[in-house]
Amino acid sequence: MNGTRRRRPAKRKSVSLIAVLQQGVRHLLTSRVGWYVPAVFPVLLFILAHLLTLITFVFTRFDLVEQNQQLYKFMVTWAVYGFVPLLLCSYGCFFAVAKPGITILARKLPHWLAANLHQANSCVYGFATGLALLVLLQPGVGPKSLLLFVIGFVSGVGNWQVYRRLVADDPLAGVLVERQGPDENVVE
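Student: Describe helix α7 (residues 144–166), listing the residues and the values that go with them.
Tutor: Its 23 residues give α7 an end-to-end C-alpha distance of 33 Å, which sits within 8% of 33 Å, the value for a rise of 1.5 Å per residue. Within α7 the residues assigned to the buried category are Leu-148, Phe-149, Ile-151, Gly-152, Ser-155, Gly-156, Val-157, Gly-158, Asn-159, Trp-160, Gln-161 and Tyr-163.

Student: Got a sec to walk through the packing of aromatic side chains? Specific residues and values, please.
Tutor: Within this structure, the stated rule accounts for nine aromatic pairs. Ring geometry for Tyr-91 against Phe-95: centres 6.3 Å apart, planes inclined by 20°, an arrangement best described as stacked. Note that Tyr-91 and Phe-95 are positioned in helix α5 (residues 83–108) at a spacing of four residues, about one turn of the helix. Classification of Tyr-91 as partly exposed rests on a relative accessible area of 26%. Centroid distance Phe-94 to Phe-95: 5.0 Å. Interplanar angle 85°. Geometry classified as edge-to-face. Using a relative accessible area of 44% as the deciding quantity, one classes Phe-95 as partly exposed. Joined through ring pairs, the aromatic side chains of Tyr-91, Phe-94, Phe-95, Tyr-125, Trp-160 and Tyr-163 make up one cluster.

Student: How would you sum up the packing of α5 against α7? Please name residues and give values.
Tutor: For any two helices packed against each other, the geometry comes down to the angle between their axes and how far apart the axes lie. Contact pair α5 / α7: the axes reach a minimum separation of 10 Å and the direction vectors enclose 55°. Taken as axis vectors, α5 and α7 run oblique relative to one another. Remark: the crossing between α5 and α7 carries right-handed chirality. For the pair α5 and α7, the contacting residues are Leu-86, Ser-90, Phe-94, Ala-98, Lys-99 and Ile-102 in the first and Ile-151, Gly-152, Ser-155, Asn-159, Trp-160 and Tyr-163 in the second. Its residues assigned to classes, the contact of α5 with α7 shows seven nonpolar, four polar and one charged.

Student: Please give an account of the side chain of Gln-161 that cites residues and values.
Tutor: Inspection of the secondary structure puts Gln-161 in helix α7. Take Gln-161: its relative accessible area is 17%, and that puts it in the buried class. In terms of polar contacts, Gln-161 uses its side chain to reach the side chain of Ser-122, at 3.4 Å.

Student: Account for the packing of helix α6 (residues 114–135) against α7, with residues named and values stated.
Tutor: Contact geometry of α6 with α7 gives a least axis separation of 7 Å together with a crossing angle of 145°. Seen along the crossing, α6 lies across α7 with a hand that is right-handed.

Student: Let's hear about a nonpolar patch on the surface: which residues, and what values?
Tutor: On the surface, Leu-48, Leu-52, Leu-54, Ile-55, Phe-57, Val-58, Phe-59, Phe-62 and Leu-64 cluster together to form a nonpolar patch covering roughly 860 Å² of accessible area. Within the secondary structure, Leu-54 is located in helix α3 (residues 40–61).

Student: If you had to explain the layout of surface pockets to someone new, which residues and values would you point to?
Tutor: Computed from the structure, the largest pocket encloses a volume of approximately 390 Å³. Of all the secondary structure elements, the ones that give two or more residues to the lining of the largest pocket are α4 (70–81) and α7. Of all the elements, α4 adds the most residues to the lining of the largest pocket, at four residues.

Student: A description of the confidence of the model for the protein should follow, citing residues and the corresponding values.
Tutor: Averaged over every residue, the pLDDT of the protein is 79; residues scoring 70 or more account for 82%. The least confident element of the protein, judged by mean pLDDT, is helix α8 (residues 173–180) at 56; the most confident is α6 at 91. Low pLDDT (under 50) marks residues 183–188, which in the prediction has two contacts with non-local residues, meaning those over four places away or in another chain.

Calculation rules
Residues numbered from 1 in each chain as written. Predicted model: local features only at pLDDT ≥ 70, side-chain atom pairs only at ≥ 80, totals over all residues. Heavy atoms only, no water. Helix = DSSP H or I, 4+ residues; strand = E, 2+ residues; numbered from the N terminus. Expected span 1.5 Å × (residues − 1). Buried < 20%, exposed > 50% of the residue type's maximum accessible area, 1.4 Å probe, protein only. Phe/Tyr/Trp six-rings, centres within 6.5 Å; stacked < 30°, edge-to-face > 60°. Axes fitted to C-alpha atoms, helices over the stretch in contact; angles between N-to-C directions. Parallel < 35°, antiparallel > 145°, perpendicular 65-115°, else oblique. Left-handed = near helix turned anticlockwise from the far one by under 90°. Contact = heavy atoms within 4.5 Å. Nonpolar A, V, L, I, M, F, W, Y, C, P; charged D, E, K, R; others polar. Polar contact = N/O pair within 3.5 Å; in protein donor to acceptor, adjacent residues only side chain to side chain. Patch = residues over 30% accessible without salt bridge, like charges linked within 9 Å, V, L, I, M, F, W, Y side chains within 5 Å. Areas by Shrake-Rupley, 256 points an atom, 1.4 Å probe, with all protein chains shown as cover. Salt bridge = Lys/Arg side-chain N within 4 Å of Asp/Glu carboxyl O. 1 Å grid on protein atoms, 1.4 Å probe; cavity = no way out; pocket = protein on both sides within 12 Å on 5 of 7 lines; lining within 4 Å. Points joined across faces, edges and corners; volume = space filled by probe spheres on them. pLDDT = per-residue confidence, 0-100.

And the structure:
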């Protein structure tokens, strides 16, 4: 005999791979919100532009739409070349305008509600993104510049709303406590 005792096999706890992946993704999303939120709407618009381009391409194959139409050319151009400028403008405006803008708005407009401050900040962020896209345009573009501004505006407003929903601590929390002061909550 070798002196070893036969042991019962220990019960192993089964771990679901899907549950572990979901928990990891949830942790990543909540810990690094500022890294990916400015890319949410540009990526969605990029996917939408490619889907519309694919649909237009199918229509041109079946001779339902002529290939020399301006809409087709504009859509293909936007799907290929529009993503990177929109993404860069979105990131730049998020960190240069939206993040510091919420505290500036809270200090300048002390009587506004937090929801109104967030809405105003999302509009400022969208306006800045739209203007940044317009600065990158060549002169003489015409009515397409309005569409480009609207795309930038929608992207900025949407990104701020997503950021507001995902961030754990409200960016206005420190400013609102500072604005109320310590003695306003005391009832005598």
